[in-house]
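# A closer look at the structure
Each chain, written out:
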Amino acid sequence: LVVKDRYWNVWGISHEGAVLWSWEGSPGHFPALGDFDGDGRDEVFVGFALLDHDGRVLFAHDPGDAHQDAAYAVRLEDGSWRLLFGNHGIHCLTVAGKELWHHPLAEAQHVVAGRFRADFPVQVAVIDRGQPRGEGRAPATLYLYDLDGRELWRREQPPGSWAAALVAIDWLGGGAPQCVLVYSRGSEPPAIYDGDGNVIDTCPMAYTP
């Protein structure tokens, strides 16, 4: 089991409850797990650092005063991995810790990778949560990037959507590309976007104003 507190520590815990290892750093909100080195055991990606299955640090960058708000790991067709995390930007790293690209954003709260378009094998969907604007907060914005960091499109969300979040879903079936479900959209119900940035459906039954 991997257990963390809010911003400062991560522990590896056995099923019997014994502490196997601990790490102090900047784990952020959502670590990602995967066998990134091919040894049959999962590593732990915490945004600014990658920990081996035994807690040994494989790489670590100085977070400064920051923390990550979302982490995601995706395996490519050639077997290599990309490590993605969001904070005041979206970052894409190799498993060696090299940053391949980065785009500044206000607050990249949710990051997922998937096959959202037929013309690219993998894309990255990001919600920029929005920031204060006067007495309220600016609405969130949904972005889609390709795996080289090129922005494919962006879609501003309705007013009051500063807490918007997303998940990847297989909405169309039959081997079609995935879609992105965006929820907590302020005054509007959850919306399903295709890989071209079109709203193809909404979920009014899941909506409580």
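Everything numeric here is computed off the predicted structure, so don't read it as measured data.

Topologically, Gln123 is positioned in strand E13 (residues 123-128). Excluding its chain neighbours within four sequence positions, the residues that come into contact with Gln123 are Val112, Ala113, Gly114, Arg115, Phe116, Arg117, Leu144, Tyr145 and Leu152.

Where strands meet in a sheet, backbone hydrogen bonds hold them as pairs that are either parallel or antiparallel. In spatial order, the strands read E1-E2-E3; together these 3 strands make up an open sheet with antiparallel pairing. For this open sheet the edge positions go to strand E1 (2-4) and strand E3 (19-24), each flanked by a neighbour on one side alone. With direction set aside, neighbouring strand axes in the sheet form an average angle of 20°. By the bridge criterion, 3 bridges tie E1 to strand E2 (residues 9-13) in an arrangement that is antiparallel. Following the sheet pairing, Val3 is matched in E2 by Trp11.

The next thing to look at is the environment of Gly86. Turning to its location among the elements, Gly86 is positioned in strand E9 (residues 81-86). With relative accessibility at 0%, the residue Gly86 sits in the buried group. Each C-alpha atom of the pair Gly86 and His53 lies 23 Å from the other, and the pair is 33 residues apart in sequence. What Gly86 contacts, discounting residues up to four positions off in sequence, is Gln68, Asp69, Ala70, Ala108 and Val111.

All right, on to the nonpolar core then. Residues Leu84, Ile90, Leu105, Val111, Val124, Val126 and Tyr145 are the most contacted members of the largest nonpolar core, which totals 17 residues. Every element with two or more residues in this core is listed here: strand E8 (70-75), strand E10 (89-93), strand E12 (108-114), E13 and strand E16 (141-146). For this core, the element with the most residues is E12, which contributes 3 residues. The residues touching Leu84, leaving out its near neighbours within four places in the chain, are Phe45, Ala70, Ala71, Tyr72, Val74, His91, Cys92, Trp101, Val111, Ala113 and Val124. Listed in part, the 14 residues of the second largest apolar core include Phe116, Trp153, Ala164 and Tyr193.

Rules behind the numbers
Residues numbered from 1 in each chain as written. Predicted model: local features only at pLDDT ≥ 70, side-chain atom pairs only at ≥ 80, totals over all residues. Heavy atoms only, no water. Helix = DSSP H or I, 4+ residues; strand = E, 2+ residues; numbered from the N terminus. Contact = heavy atoms within 4.5 Å. Pairing = 2+ DSSP bridges. Axes fitted to C-alpha atoms, helices over the stretch in contact; angles between N-to-C directions. Buried < 20%, exposed > 50% of the residue type's maximum accessible area, 1.4 Å probe, protein only. Core = buried A, V, L, I, M, F, W, Y, C linked by side-chain atoms within 4.5 Å.

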